[in-house]
Each structure stands twice: as C-alpha cells, then as structure tokens.
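Read off the chains here:
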Amino acid sequence: MALDRAPLQPLQAQASSFQSKLSVYGTLKSMVSTLGDAASKLSTSSGWSNVSASLRTRQPSACRPRPAPRRPALRWKSQPGHQSASSVLNTTNGLGAGTLSFSVGGGTAVDVEIEAGKDSPAEVASKINNAKVGVSATIVKDASGERLLMRSTETGTANTFTVSVTGGNADGLQRLSFPPGGSGGMTEMQPAEDAAFSINGVALTSSSNVLTDTVPGLTITLAQETTAPVEVSVSADQAAMKKNVQAFVDAYNAINGLLATATNYNAETKTAGSLQGDSTAVGLQNALRGMMRSVTSNSGPYSRLADIGIVAQQGGKLEIQADKLDNALKNPADVQALFTATSEDASAQGFGLKVKDFATGLIETGGRLTTRTESLQSAIKRNGIEQDKVIDRASRAEVRYLAQYNAMDAAVGNLNALNAFVTQQITLWNKNTG
C-alpha cells in the first residue's frame, strides 16, 4: 500500500506550492487595489484641493469689506429658528375622526388620516410623527390639561407650516388648525427665523447655520453668535497633500517588499521564495520599478517623482525626502500636474493616472494578476483530481490485496488442518503397528 500511495507525495508537495503561490497572489491583488486607490486620489484635482482654515477675531472698528474672497470677515448675529405652535385640547373622548393636511414652505399638502377609536392626543401625535410631513408633534400636560405642540423639523422661514382640518371634534381635532381659522386653532409659540449674518459687511440670511455655497469652495458652520467680526483665512492644506503622497508611497513599498521576499532565493538557508522564478511576479516587479523611475512630459516644472523628493532606493523601495517635497508643495499646482496630466500618449500621463490605470489593468477580468490567480486555482483543481485518482487506485488495490490475503490465509488454514489430521493418523498407525 505504501508503494501504491507513493505518487501522492509529489502531488501533495505540488499542491502545497500552488496554495502558497495562490495566497501570495491574493495578497498582491489586495495590495495592488490599495495602490490603485492611493493613485486615484492623486490623479484628480480634488486630491490636491485640500484646504485648512483659521479664524481670527477682529475688532469692530477694523471691520471693513475686503476684496479677497478667501479671507472673508464674517459676523453671525442670530441663529435660525424652528416655527412652533400649540393648542390646549379640552376633550376627554378623543379628538374625533378626520383629516389633517400639512403644507411646509407652501408646498404640496400631505394628508394624515385620523380614524375613530384611534384619535387620542397621543395617537394623533404618533400619526403625525410617523407620516414625516416636515412637522413633529409632542404631547405635554399642565394645569390646563393636555397640550399638543407642533414644531417644524427644519429651521428657517422657508420651512413655515400650515395645518388645515377636515372633520374631527370642535374641542379636539379642529383645534389643531394653523394658522387658526375662526375661534379655534393653534397659537404660534415661536415664529420661523433665518440666521442673520454678514460677510465683509454685506448682510445675509440663511435658513440653516451650515453655509454650503455662500462663499464658493467653502462650507462654513456658524457655531455661536459673535460679538465682533471673525476673519476666516483659507490656505492650501499641505499636511493633507503630504498624507496622500505618503499613502501612495507606502502602498507601492508594500508591494515591492512582498515581491522582493517572494521572488528571492536565500543562498545561506538554500530556500526559495514561493514566487521565485515566477515570470508573472518578476515581470510585475520590473514593471512597477520602471514606472516609478519613468519620466512624464507635462507643462509643469516636474517630470519625475524624484523631482519632488520621491526617490527610488536600491531594491526598488521609495523614500520621501521631506525637505524637497515641502519645497515643491509651496506651489501645489505644479506638483498636481505631475500626477494629473492627461495625454493620449500613456507615457506622458501623470503618475496618478498612470499608476491607477496600471493597477486597474492588473486586477480586472483578464488582467495579469487575475489570470495568474485563475491559472493557479485551475492547477490546484487538477492536482486534486490527480490525488483522487491515486487514492482511488490505492483503495482498489487494497481491496484486491485483502481478497488475495484472505484467500491465501484460508488455504493455509486448510493445509494446517490437513497436516494436523495426517499427523494424528500417522501417530495412530504407529501405535497399532507397535
């Protein structure tokens, strides 16, 4: 049986090698995807538009309009407010069946149906909240009885609301009309208000305290009212840009390190990496190293990564020369051009686009890494089939050997019995003749 199972050993060793390679390629695909994501951030203008803002309170006497749009002087005078209204409900038998029609900001009315038997103040408030009509409802109790409060869910005069009532009880549902019609209806507790502020002395308003398009390119959150103008200074965020560049370098170095280890042969220990001699891995390693040392043509002053301080060391690893990169980032547009330049000629593309496209090509369907991974998976499957064949042949041989052994064992048993019988007869004959 050991001889019959002997072909399993090289097949199992081969399967282990295939699995090891497949594991490395799986890791490589993940790392290449990370590199592609890092390169993608650097391939568009948004990756270089990071800004940082600083605030400085200015004395009122110094508050004058400034022509520079990136240094606005802002003053917040009042916060935006929710419109709210309330009504005391004098009925204890429910508010009555009917319809509440809500309109927010003069928009299309949304009806909330109130059914008989499900018309208690709490049930009506729940119905309003579940309908999400732009108005929230709350029940409170005081000495006057139950009071239903309504409040716009959004701030500002653009979110004022009206409520019209059809049906219901005079002391119940009809007391929820707003503005009130006739003698009944809710009383306004607080009017809707816009935030009042000024930028460079120009009075402005907003329904929210988050200003998304008031100053182009800036989102300003008004956190508290000011007693004096606040000057907002905005500048390029070099730290964020350097972080994106560092992520790109780290992603490349991770791939370079893995490939260097996987394709290496250690002469001292006489052990080879799992991808030693693998043409796909060696080709990928050379392609990446060549790309990082390549030259791209653009209208800016930089054409190589080394020009901005990203230098290839022996073994392919990239290192960042901080002083050189800091100096280059004083003019972010020039560095941006090195990564974002577009061209029909692939060799003239910016490094962000070039690396992103290269990474995408490796891992997409038909890409080198995907094809190699699928090839290894097929090889593992074929290897498994061959192992099954050896095990099946060995199992059938075992059945045959056992049958032969059992037959021989039975024959030997019969011969032993015959031998015992003959021996016994000879002994008896000797006694009789003696």
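In this convention, every chain numbers its residues from 1, walking through the sequence in written order. With pLDDT at 70 or above as the cut-off, local features in this predicted model cover only qualifying residues; side-chain atom pairs require 80 or more to be listed or tallied, and sums for whole chains, interfaces and linings still use all residues. Excluded from the side-chain calculations are hydrogens and water; all other atoms, namely the structure's heavy atoms, are used.

A. Layout of the overall build of the protein. Secondary structure follows DSSP: runs of H or I at least 4 residues long count as helices, runs of E at least 2 residues long count as strands, and numbering of each begins at the N terminus. Check the secondary structure of the protein and you find nine helices and 18 strands. In this treatment the radius of gyration is a C-alpha quantity, and the globule benchmark scales as 2.2 Å times the residue count to the 0.38 power. Whereas a compact globule of 434 residues would reach a radius of gyration of roughly 22 Å, the protein reaches 42 Å, over 25% beyond that. For the C-alpha atoms alone, the extent of the protein along its principal axes is close to 145 × 75 × 35 Å. Burial status follows relative accessibility: with a 1.4 Å probe on protein chains alone, a residue under 20% of its type maximum counts as buried, one over 50% as exposed, and anything between as partly exposed. Counting across all 434 residues of the protein, residues that qualify as buried make up 36%. Pairs of residues are marked as contacts when any of their non-hydrogen atoms sit within 4.5 Å. A fraction of 67% describes how many contacts in the protein between residues 6 or more apart in sequence connect residues 24 or more apart. We get accessible surface area from the Shrake-Rupley algorithm with a probe of 1.4 Å; when it comes to residues, only the shown protein chains can shield them. In the form shown here, the protein has an accessible surface area of approximately 23,900 Å², with 51% of it arising from carbon and sulfur atoms. Neither His nor the chain ends contribute to the count of charged residues, in which Lys and Arg are positive and Asp and Glu negative. Here the site of a charge means NZ on Lys, CZ on Arg, CG on Asp, or CD on Glu. Averaging the coordinates of the 39 positive side-chain charges in the protein and doing the same for the 36 negative ones gives two points 8 Å apart.

B. Region of interest: the side chain of Asp278. By the secondary structure assignment, Asp278 is in the loop between β16 (271–272) and α5 (279–292). The buried category is assigned to Asp278, whose relative accessible area is 5%. A distance of 3.0 Å separates the side chain of Asp278 from the backbone nitrogen of Thr280, its partner in a polar contact. Apart from the residues lying within four places of it in its own chain, the contact partners of Asp278 are Lys21, Tyr25 and Arg372. Definition of a polar contact: a pair of N or O atoms within 3.5 Å, with one able to donate and the other able to accept a hydrogen when the atoms are protein atoms, and with sequence-neighbouring residues admitted only if both atoms are side-chain atoms.

C. Inspection of the nonpolar core at higher detail. Remark: nonpolar core denotes a set of buried residues (Ala, Val, Leu, Ile, Met, Phe, Trp, Tyr, Cys) joined through side-chain atoms within 4.5 Å. Counting 46 residues, the largest nonpolar core has Phe248, Ile308 and Phe339 as its most contacted members. When contributions to this core are tallied by element, the ones reaching two or more residues are α2 (8–42), α4 (238–262), α5, α6 (322–328), α7 (332–340), α8 (351–363) and α9 (368–433). Among the elements that line this core, the one with the most residues is α2, at ten residues. Setting aside anything within four residues of it in sequence, one finds Phe248 in contact with Leu35, Ala38, Ala39, Leu42, Met292, Leu305, Phe339 and Val355. Counting residues in each nonpolar core, the second largest holds 21 residues, with Ala85, Leu89, Val112 and Leu148 among its members.

D. Expanded view of the sheet that holds strand β9 (residues 187–190). The sheet built from four strands is open, its strands ordered β6-β7-β3-β9 with antiparallel pairing. Among the strands making up the open sheet, the edge pair consists of β6 (135–142) and β9. Along the sheet, successive strands turn relative to each other by an average axial angle of 30 degrees, direction set aside. A pair of strands counts as paired when DSSP detects no fewer than two bridges linking them. Across six bridges, the pairing between strand β3 (residues 84–89) and strand β7 (residues 145–152) is antiparallel. Looking at β7, one finds that Val88 is bridged to Arg147. Axes here refer to lines fitted to C-alpha atoms; in helices the fit is confined to the stretch in contact. Angles between the N-to-C directions go from 0 to 180 degrees. Packing against the sheet, helix α3 (residues 121–131) makes contact with β3, β6 and β7, and its axis sits at approximately 160 degrees to β6.

E. Layout of unusual backbone geometry. Cis geometry is adopted by the peptide bond preceding Pro179, which originates at Phe178 and carries an omega value of -10 degrees. For Pro179, the location among the structural elements is in the loop between β8 (161–167) and β9. The backbone phi angle of Lys132 is positive, close to 50 degrees, even though this residue is not glycine. In this fold, Lys132 is placed in the loop between α3 and β6. Judged by relative accessible area, which is 72%, Lys132 ranks as exposed.

F. Spatial organisation of the packing of α5 against α9. Viewed as axis vectors pointing N to C, α5 and α9 meet at an angle of 165 degrees, and their least axial separation amounts to 11 Å. For the element pair α5 / α9, the angle class is roughly antiparallel. You can see that α5 and α9 cross each other, and the crossing is left-handed. Contacts between α5 and α9 involve Thr280, Gly283, Leu284 and Ala287 on the former and, on the latter, Arg368, Leu369 and Arg372. Roughly parallel here means an angle under 35 degrees, roughly antiparallel means over 145, roughly perpendicular means 65 to 115, and every remaining angle is called oblique. Crossings are sorted by hand: turned counterclockwise from the far helix by less than a right angle, the near helix makes the crossing left-handed, and turned clockwise it makes it right-handed.

G. Looking closely at the pairing of strand β10 (residues 195–199). Burial analysis of β10 places four of its five residues in the buried class, the great majority of the element. Pairing analysis gives five bridges linking β10 to strand β11 (residues 202–206), with the strands arranged antiparallel. Counted as the bridge partner of Ala195 is Ser206 from β11. The turn joining β10 and β11, which pair antiparallel and follow one another in sequence, is formed by two residues; a positive phi near 55 degrees is taken by Asn200.

H. Structural detail: α8. By this rule, a helix spans an expected 1.5 Å times one less than how many residues it contains. In a regular helix each residue adds 1.5 Å, so 13 residues correspond to 18 Å; α8 covers 18 Å between its end C-alpha atoms and thus fits that length. Along α8, the residues that are buried comprise Phe351, Gly352, Leu353, Lys354, Val355, Phe358, Ala359 and Leu362. On its buried face, α8 is in contact with α2, α4, α5, α7 and α9.

I. Focus on the packing of α5 against α8. It is at 11 Å that the axes of α5 and α8 come closest, and there the two elements cross at 170 degrees. Classed by the angle they form, the pair α5 and α8 counts as roughly antiparallel. Where α5 approaches α8, its residues Leu284, Ala287, Leu288, Met291 and Met292 are matched on the opposing element by Phe351, Lys354, Val355, Phe358 and Leu362. Of the residues belonging to the contact of α5 with α8, the class tally is nine nonpolar, no polar and one charged. Classification used: nonpolar for Ala, Val, Leu, Ile, Met, Phe, Trp, Tyr, Cys and Pro, charged for Asp, Glu, Lys and Arg, polar for all others including Gly.

J. Structural context of α7. Turning to α7, its buried residues are Pro332, Val335, Ala337, Leu338, Phe339 and Thr340. Those residues of α7 hidden inside the fold are in contact with α2, β14 (230–236), α4, β17 (310–312), α6 and α8.

K. Focus on the pattern of salt bridges. When a carboxyl oxygen of Asp or Glu is within 4 Å of a side-chain nitrogen of Lys or Arg, the pair counts as a salt bridge. Under the definition given, this model contains five salt bridges. In this structure, Lys389 and Glu386 form a salt bridge, with 3.6 Å as the shortest nitrogen-oxygen distance. Residue Lys389 and its partner Glu386 are both found in helix α9; the two are separated by three residues, about one turn of the helix.

L. Structural context of a nonpolar patch on the surface. Residues Leu415, Leu418, Phe421, Val422, Ile426, Leu428 and Trp429 make up a contiguous nonpolar surface patch of about 700 Å² in total accessible area. Within the secondary structure, Leu418 is located in helix α9. Each patch groups residues whose relative accessible area exceeds 30% and which form no salt bridge, using 9 Å between like charges and 5 Å between nonpolar side chains of Val, Leu, Ile, Met, Phe, Trp and Tyr.

M. Here's a closer look at the packing of aromatic side chains. In this scheme Phe, Tyr and Trp rings, the latter by its six-membered ring, pair at centre separations within 6.5 Å, and the angle between planes marks the pair as stacked below 30 degrees, edge-to-face above 60, and tilted otherwise. As enumerated under the stated definition, the model contains three aromatic pairs in all. Relative to Phe339, the ring of Trp48 has its centre 5.5 Å away and its plane inclined at 35 degrees; by these criteria the two rings are tilted. Separated by 291 residues along the polypeptide, Trp48 in the loop between α2 and β1 (51–57) and Phe339 in helix α7 bring together distant segments of the chain. Each member of the pair, Trp48 as well as Phe339, is classed as buried.

N. Highlighting the confidence of the model for the protein. The predictor reports its confidence for every residue as pLDDT, a score running from 0 up to 100. Summarising the model, the protein shows a mean pLDDT of 87, and 93% of its residues fall at 70 or more. Every residue in residues 59–70 scores below 50 in pLDDT, and together they form 18 contacts with partners more than four places removed in sequence or on other chains.

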